[in-house]
Amino acid sequence: MAREISPRVVVAPDKFKGSLTAREAAAALAAGISVVRPDAEITELPVADGGDGTVDAFVAAGWERVELTAPGPTGVPEATAYAMRDDIAVVELAAVVGLVRLPADAPDPLGASTYGLGVVIAHALARGAAEIIIGLGGSASTDGGAGLLQALGARVLDADGRELPLGGAALAQAVAFDRSGLDSRVAATRFTLACDVDNPLLGPTGAAAVYGPQKGATADDLAILEAALENWSGLVGPDYADQPGAGAAGGAGFGALAVLGARMRSGIEVILDLLDFHALVGKATLVITGEGSLDAQSLHGKAPIGVCAVARAAEVPVVAAAGRTTLAPAEIRAAGFTACYALADLEPDPARSMSNAAALLQQVGRRIATEQLPT
């Protein structure tokens, strides 16, 4: 019997870290589906949760890529970009001052800063942005957002009235925070933080304690940074230090909440709203999402879970594709997925699986088309 209605498939994966960008993953899955079901109408919509790959996801969806040069986490100028459509800009912290911008052999946990993020924000304001989405994730610094505020015209002063150098450690010497020079356009701009963590600024679950070691901080460094952030929060807005997400991105969440008047939202929810994902899902037969590792951490606000939630709300079946999964079948079903297809099932060797991820994802796409699409 001839097929009467062509299936509509939305392919919306996050990146497969170390192997494929979200865009490459979506293309590989789509190619595999097309082999088995050339009649399928496939929409490729790579996604992200606010971390690295966020700007690329929007560019893939047709937003303008705005390129510029801005200081990296240690002050070295580097090419970067943000996405813009109409008067909305999407800025990705990781793309300018993220860990990926640090020299592998020279982390600077005490001196790295978010100054470059402020430079990118200022550039977007100059281009007429009235709303700025800041993707928080993958930060290389622990400066409480001081650098980004300094780039926007604020001043952090020592006891002699001199402006302090950049970096988290210097904040221990701060005695005043001068907002008078803050870019006047900030007050008229809506800032949203796309974030998937809820850490406070200070304490055992705060910015320094949890994320500092990932940035090369030693035990002594952590003590210095914790004291510096405590001093900083007292100057800027202690009431914001305990807000969920204040500790995100080395405390950049705190600076944005306290000074920019930003609001915190789930990263994947923000991205899906702006990409008009809800409208696409409503017309879909099947949704496919995924990421490199689908595990217990994924269940706490990562991109595939956000995609799955929207699809399930629309009563559209959703399957996951992953490099590997540590979730039991019951956990996968409980999360809302009809099934999960792991590359590790096709190629158990992790190195070969990662190097051949595109070809393996095409195989997964063929299996999904065979097993999950109506005939």
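- The chain has the name Glycerate kinase in an unreviewed UniProt entry, where Nocardia goodfellowii is given as its organism.
- Its UniProt record, at the heading Sequence similarities (unreviewed entry), says of the chain: "Belongs to the glycerate kinase type-1 family."

## Notes on the sheet that holds strand β4 (residues 77-85)
- With respect to topology, six strands assemble into an open sheet ordered β3-β4-β5-β6-β9-β10, the strand pairing being mixed. Single-partner strands in this sheet number two, and they are β3 (64-71) and β10 (263-266). In this sheet, adjacent strand axes meet at a mean angle of 30 degrees when their direction is disregarded.
- Here β3 runs beside β4; their pairing, made up of eight bridges, is antiparallel.

## Comments concerning the side chain of aspartate 49
- Topologically, aspartate 49 is positioned in the loop between β2 (41-44) and α2 (54-60).
- Take aspartate 49: its relative accessible area is 7%, and that puts it in the buried class.
- Of the polar contacts made by the side chain of aspartate 49, one reaches the backbone nitrogen of glycine 51; its length is 3.3 Å.
- Apart from residues lying up to four places away in sequence, aspartate 49 is in contact with Asp14, Ala194, Asp196, Gly267, Ile268, Lys302 and Ala303.

## Digging into the pattern of salt bridges
- Across all of its chains, the model carries 19 salt bridges by this definition.
- Of the charged contacts, one joins aspartate 49 and lysine 302 as a salt bridge, the two residues approaching to 3.9 Å between their closest N and O atoms. A residue pair is termed long-range when its members are at least 10 positions apart, and aspartate 49 in the loop between β2 and α2 and lysine 302 in the loop between β11 (286-294) and α11 (303-313) qualify at 253 residues.
- With a shortest N-O distance of 3.0 Å, arginine 162 and aspartate 160 are connected by a salt bridge.
- The class of aspartate 160 is exposed, set by a relative accessible area of 59%.
- Through salt bridges with shared partners, a single network forms among Asp14, Lys15 and Asp52.

## Describing the nonpolar core
- Ranked by size, the top nonpolar core spans 58 residues in total, and within it Tyr82, Leu117, Ile121, Ile132, Leu136, Leu152 and Trp232 carry the most contacts.
- Sorting elements by how many residues they give to this core places helix α8 (residues 248-259) first, with eight residues.
- The residues contacting leucine 136, other than those within four sequence positions of it, are Gly50, Leu93, Leu193, Ala194, Cys195, Ala248, Ala249, Ala252 and Gly253.
- Grouped together as the second largest cluster of nonpolar side chains are 37 residues, Val10, Val55, Leu275 and Val307 included.

## Let's talk about the packing of aromatic side chains
- Summed over all chains, the structure comprises two aromatic pairs.
- Where phenylalanine 58 meets tryptophan 63, the ring centres are 4.8 Å apart and the plane angle is 70 degrees; that geometry is what we call edge-to-face. Each member of the pair phenylalanine 58 and tryptophan 63 is classed as buried.

## Here's the deal with the environment of alanine 188
- Residue position: alanine 188 is located in the loop between β8 (176-178) and β9 (190-195).
- Residue class for alanine 188 comes out exposed when judged on its relative accessible area of 67%.
- For the pair alanine 188 and aspartate 220, spaced 32 residues apart in the sequence, the C-alpha separation amounts to 41 Å.

## Description of the packing of helix α1 (residues 22-36) against helix α15 (residues 357-372)
- Packing of α1 against α15 brings their axes to within 7 Å, and their N-to-C directions diverge by 45 degrees. Here α15 runs oblique to α1, going by the angle between their axes. In the packing of α1 onto α15, the handedness of the crossing is right-handed. In this structure, α1 contributes Ala25, Ala28, Leu29, Ala31, Gly32, Ile33, Val35 and Val36 to the contact, and α15 contributes Ala358, Leu361, Gln362, Val364, Gly365, Arg366, Ala369 and Thr370.
- Considered class by class, the residues forming the contact of α1 with α15 number eleven nonpolar, four polar and one charged.

## With respect to the layout of surface pockets
- The volume enclosed by the largest pocket comes to roughly 1200 Å³.
- Around the largest pocket, the lining is made up of 43 residues, and of these Lys15, Lys17, Asp52, Gln297 and Lys302 lie nearest the centre.
- The set of elements that each furnish at least two residues to the lining of the largest pocket consists of α8, β11, β12 (318-325), α13 (343-346) and α14 (350-355).
- Of the residues assigned to the lining of the largest pocket, the class counts are 16 nonpolar, 14 polar and 13 charged.

## Quick notes on empty space enclosed by the protein
- With the rule as written, the count across this model stands at one cavity of 30 Å³ or more.
- When its volume is computed, the largest cavity comes out at roughly 40 Å³.
- Residue lining of the largest cavity: Asp143, Ala146, Gly147, Gln150, Val156, Pro165, Leu166, Gly167 and Leu171, and that is the complete set.
- No other element matches helix α5 (residues 146-151), which puts three residues into the lining of the largest cavity.
- The residue inventory of the lining of the largest cavity, partitioned by class, reads five nonpolar, three polar and one charged.

About the thresholds
Residues numbered from 1 in each chain as written. Predicted model: local features only at pLDDT ≥ 70, side-chain atom pairs only at ≥ 80, totals over all residues. Heavy atoms only, no water. UniProt positions renumbered as here; feature names shortened; annotations may be inferred. Pairing = 2+ DSSP bridges. Helix = DSSP H or I, 4+ residues; strand = E, 2+ residues; numbered from the N terminus. Axes fitted to C-alpha atoms, helices over the stretch in contact; angles between N-to-C directions. Buried < 20%, exposed > 50% of the residue type's maximum accessible area, 1.4 Å probe, protein only. Polar contact = N/O pair within 3.5 Å; in protein donor to acceptor, adjacent residues only side chain to side chain. Contact = heavy atoms within 4.5 Å. Salt bridge = Lys/Arg side-chain N within 4 Å of Asp/Glu carboxyl O. Core = buried A, V, L, I, M, F, W, Y, C linked by side-chain atoms within 4.5 Å. Phe/Tyr/Trp six-rings, centres within 6.5 Å; stacked < 30°, edge-to-face > 60°. Parallel < 35°, antiparallel > 145°, perpendicular 65-115°, else oblique. Left-handed = near helix turned anticlockwise from the far one by under 90°. Nonpolar A, V, L, I, M, F, W, Y, C, P; charged D, E, K, R; others polar. 1 Å grid on protein atoms, 1.4 Å probe; cavity = no way out; pocket = protein on both sides within 12 Å on 5 of 7 lines; lining within 4 Å. Points joined across faces, edges and corners; volume = space filled by probe spheres on them.

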